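A look at the structure
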Amino acid sequence: MATCRKISKERMALKISLAGTIFVASLGIGYGLYVGSNAILLDGMFSFLSMGMTGLSLYTAYLVSKPDDEQFQFGYAHFEPLINVVNGLLILITCLFAFITGVQTIMHGGHDIVLGDAIIYAVLSTVSCFSIYFFETHIARSVDSELVRVDSQEWLVDAILSAAILVGFILVVIFDALGYSKWNAYVDPILVTTLSIAASILPIKVLRRNLKEVLLVAPQDSAQEHVDQVIAELSEKYDFDDYTHHFAKIGRQYDLEINILVKDENKWTTKQQDRIRQIIWDRLEDDLGETWLSVSFTAQERWL
């Protein structure tokens, strides 16, 4: 039941995010073209990319809840970090393109924008983005969903972009009042350049975290320490001749393989082996949750 509630809340959050993304993307692209602001257009394009990725994340949330089948015999958990990596790469590419565009515009003398309408957009977008960010952050914490967490980070980036755009346009008003209107043409490209650098920080973090899972890098956390501790204690208590184990985290699922060397075959009956498996499961279940656990016993060192 708990898993069902988690999946339900996860899908609800992503559906609300998708609806919000469609609204903000349409608003940003439309306003950006109307007022002639590359900063607003960047904000809209960022939301447009997020729309596609949110839809993909929603489909991934459905996939990872499915059991293993004939086609994907190890389940669908590996789709989650893979989608997050694609998501992070797209955002990073968008930031790079925006940075280049901003620098080129500055070098060509900047450009003017329709200020009044631009400020209206910035207010609407900032409020919308921060609202959805706080909502998704709450859901991500309550159900411990990496998909919703990554999606909320996109909303945070978008919210920061919109807030910075709002501040920039307010500065234009101040410059006009102080008689420095000749610098107004540079405000928009400077905003684009600065925001593209700031916005690239979060996708880099997402890539760093999820690439480790895609590459099956062993998690260096408390879960890894607990696994090492439990197996070492069992080895000492039940006098294993030797053992090896392999541990990885893929999305919301842990994969744990344990190979135990037992040279006295008479001592290690099938019943005794199953008892060890049950003890391992009971000791690790709370920490690892959804786990693909494999515990094998062998009398030959070559199979370790």
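Residues numbered from 1 in each chain as written. Predicted model: local features only at pLDDT ≥ 70, side-chain atom pairs only at ≥ 80, totals over all residues. Heavy atoms only, no water.

Under an unreviewed UniProt entry, the protein has the name Cation diffusion facilitator transporter family protein and belongs to Photobacterium leiognathi lrivu.4.1. Word for word, the UniProt comment on the protein under Subcellular location (unreviewed entry) is "Membrane". Under the UniProt heading Sequence similarities (unreviewed entry), the note attached to the protein is "Belongs to the cation diffusion facilitator (CDF) transporter (TC 2.A.4) family. FieF subfamily." (UniProt positions renumbered as here; feature names shortened; annotations may be inferred.)

A few words on the pairing of strand β2 (residues 253-261). Counted residue by residue, β2 has 7 buried out of 9 residues, so it is predominantly covered. Hairpin connection from strand β1 (residues 242-250) to β2: 2 residues lie between these consecutive antiparallel strands, with Gly251 at a positive phi of about 65°. Where β2 and strand β3 (residues 291-298) come together, 8 bridges link them in parallel fashion. Across the sheet, the residue bridging to Tyr254 is Thr291, located in β3. Crossover connection from β2 via helix α9 (residues 270-288) to parallel β3: handedness right-handed. (Buried < 20%, exposed > 50% of the residue type's maximum accessible area, 1.4 Å probe, protein only. Helix = DSSP H or I, 4+ residues; strand = E, 2+ residues; numbered from the N terminus. Pairing = 2+ DSSP bridges. Right-handed = clockwise from strand over helix to strand, strands pointing away.)

Before going further, it helps to spend a moment on the sheet that holds β2. In sheet architecture, strand pairing relies on hydrogen bonds along the backbone and comes in two forms, parallel and antiparallel. Pairing is mixed across the open sheet formed by 3 strands, whose spatial order is β1-β2-β3. Only two strands of the sheet have a single partner each, and these edge strands are β1 and β3. Each strand of the sheet is rotated relative to its neighbour by a mean of 10°, with strand direction disregarded. Pairing geometry for β1 and β2, over 9 bridges, is antiparallel. From the neighbouring strand, Thr244 faces β2, where its bridge partner is Asn259. (Axes fitted to C-alpha atoms, helices over the stretch in contact; angles between N-to-C directions.)

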